[in-house]
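The chain contents come next:
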Amino acid sequence: MAAALRMPPFVPAAAAARSLVARSAARWRAPFGRPAAPRRFQLPSSRPRVPPPRPFYNFASRDAKIQAPEDQSEIIFIGTGTSEGIPRVSCLTNQSKTCKVCSKAIEPGNKNRRLNTSILIRYVNSVGRFNILVDAGKFFYHSALRWFPAYGLRHIDAVIITHSHADAIGGLDDLRDWTNNVQPFIPIYVAQRDFEVMKKTHYYIVDTSVIVPGAAVSELQFNVINEEPFVIHDLKVTPLPVWHGHGYRSLGFRFGDICYISDVSDIPEETYMLLKDCDLLILDALRPDRSSSTHFGLPRALEEVRKIQPRRTLFTGMMHLMDHDEINEELAKLLESEGLDVQLSYDGLRVPPKRFSSNGGLLSVSSRCHATLQRLFQTSLGCVSSQHIMVEKDLKCGFWYSNCLDY
Ligand SMILES: [Zn+2]
Ligand SMILES: [Zn+2]
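All values reported here derive from a predicted model rather than from experimental measurement.

Cut-offs and rules
- Residues numbered from 1 in each chain as written.
- Chains lettered and ligands numbered in written order.
- Predicted model: local features only at pLDDT ≥ 70, side-chain atom pairs only at ≥ 80, totals over all residues.
- Helix = DSSP H or I, 4+ residues; strand = E, 2+ residues; numbered from the N terminus.
- Buried ≥ 20, exposed ≤ 12 C-beta atoms within 10 Å, placed from the backbone.
- Core = buried A, V, L, I, M, F, W, Y, C linked by C-beta atoms within 7 Å.
- Contact = placed C-beta atoms within 7 Å.
- Pairing = 2+ DSSP bridges.
- Axes fitted to C-alpha atoms, helices over the stretch in contact; angles between N-to-C directions.
- Arc of directions from axis to C-beta.

Residues and numbers for the overall build of the protein, please.
In terms of helices and strands, the protein carries 15 helices and 14 strands. Within the protein, the proportion of its 407 residues that are buried is 42%.

This is the structure:
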């Protein structure tokens, strides 16, 4: 596997590393314009390619008992709460009323403690191991502080953005720690409408020419996506367009048999087609009693589960009215009565997928084929990586590529 990593040399010096990233407008060419600089980098030889996990939380759940081996992909719930986080400060300072859930949430290790909704796909294929983050919200630093060292996560190979609310993109600034100290840059995959928002909220990261020379900001490489599937490190990602309030679009994403929809108030009919044969559904469920104008409540979320019929569902994005243990106890009864396998997720939960691939949904290329494809792409066809081929739907490359799939 070590020989399979064929990438340009890593440039450790920060200044040199930053020079790898094009600062020109060409850098933002959409969609997936060929980058002006190498997009992949060699990991420093001192860094173990597969860092040993160092979990210190002992989750009393079935997922903890079946943690993924080193060579298996998994999903890590980086955050499962609402924008303000659980516990709410206002609940803890309210003298006249005690909030049961927020009071529990301050206890160390309590599953009601929730930060901004986000997952990390720890994806392993024959080429290597990749950490793909979905959203980096306001509390990203705190979430990363809690889970990255605990689970041996070091680099971030891509960030996919669901939408441009602060609890989804507020942590982009904190990615500077990675791009200054771990890796030269981080590719960001974002819809055009959300990129337009970022040009305002994070103008100094989108256009680094405005910063004071020598200042260190996140080095992000923006890739504008539409609602078509795209590929990151051979992992096919299918956007799941949904409504997140009247007239406001958000994206869920499908990875193999796993569907993730974190911010949703309605699902368009055409998106149900993309949710077929879902093994694990991760779905927005804000509160126990009703939906809000921008989020599913638990009753609506359950209706959707009955319609989509995944094998298993984990809810996310819960506010402080959702008591982890109490709600899960109620949800467990649905397994008996209706055969619905539904539970609340929690921060730090790791889920080894039952089956991470489906009909080429999650692509995996053997080392031998990868080498052939790299040569083919780079020399014969002038492509930078397989990712560009897949996105640009080059038929010739697509033919060669599909012949080399493990699945
Ligand atoms: Zn509360
Ligand atoms: Zn939102």
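And the narrative resumes.
Quick rundown of the nonpolar core? Include the residues and the values.
Of all hydrophobic cores here, the largest spans 81 residues; its most connected members are I119, I132, V159, I160, Y189 and C259. Take this core: its biggest share by element is 5 residues, from strand β5 (residues 186-191). If we ignore the near neighbours within four places in the chain, the residues touching I160 are I132, V134, Y189, V237 and F253.

How would you sum up the pairing of strand β8 (residues 235-243)? Please name residues and give values.
Note that strand β7 (residues 230-232) and β8 share 3 bridges and pair antiparallel. Bridged to F230 within β8 is V237. Between β7 and the antiparallel strand that follows it, β8, lie 2 residues; H233 among them carries a positive phi value of about 50°. Sheet topology places β8 next to strand β9 (residues 249-255); 7 bridges connect them, and they run antiparallel. By the bridge assignment, T238 is partnered in β9 with R254. Two successive antiparallel strands, β8 and β9, enclose a turn made up of 5 residues, where G245 displays a positive phi of approximately 100°.

A description of the pairing of strand β2 (residues 118-124) should follow, citing residues and the corresponding values.
The element β2 is extensively covered by neighbouring structure, given that 6 of its 7 residues are classed as buried. Pairing geometry for strand β1 (residues 74-79) and β2, over 5 bridges, is antiparallel. Residue pairing for β2: I76 is matched across the bridge by L120. One ladder, built from 6 bridges, connects β2 with strand β3 (residues 129-134); its direction is antiparallel. Bridge assignment links I119 to a residue of β3, and that residue is V134. The turn linking β2 back onto β3 is made up of 4 residues.

Break down the sheet that holds β8 for me, with residues and values.
Overall, mixed pairing links the 7 strands, which are arranged β7-β8-β9-β10-β11-β12-β13 in an open sheet. Taken across any chain shown, the strands that pair with only one partner, and hence form the sheet edges, are β7 and β13 (342-344). Each strand of the sheet is rotated relative to its neighbour by a mean of 25°, with strand direction disregarded. Bridge count between strand β11 (residues 280-284) and strand β12 (residues 312-316): 5 bridges; the pairing is parallel. Residue pairing in the sheet places I282 in a bridge with L314 of β12. Strand contacts of helix α11 (residues 298-308): β11, β12 and β13, with the helix running at about 155° to β11, the strand carrying the most contacts.

Lay out α11 with the relevant residues and their values.
Those residues of α11 that sit buried are L298, A301, L302, E304 and V305. Mapping the buried residues of α11 onto a view down its axis gives an arc of 160°, with all of them on the same face. Exposed side chains of α11 directed beyond 90 degrees from the buried face belong to E303, R306 and K307. Elements in contact with the buried residues of α11: β11, β12 and β13. Remark: Q309 follows α11 within two positions and exhibits a positive phi of approximately 60°.

Tell me what's going on with the sheet that holds β3, and back it up with residues and numbers.
With mixed pairing, the 7 strands of this open sheet are ordered in space as β6-β5-β4-β3-β2-β1-β14. Whereas interior strands pair on both sides, the edge strands pair on one side only; in this sheet they are β6 (220-225) and β14 (350-351). In terms of strand pairing, β5 meets β6 through 6 bridges, oriented parallel. Note that in β6 the partner of V190 across the bridge is V224. Each of β5 and β6 touches helix α8 (residues 192-201); the most contacted strand, β5, lies at about 115° to it.

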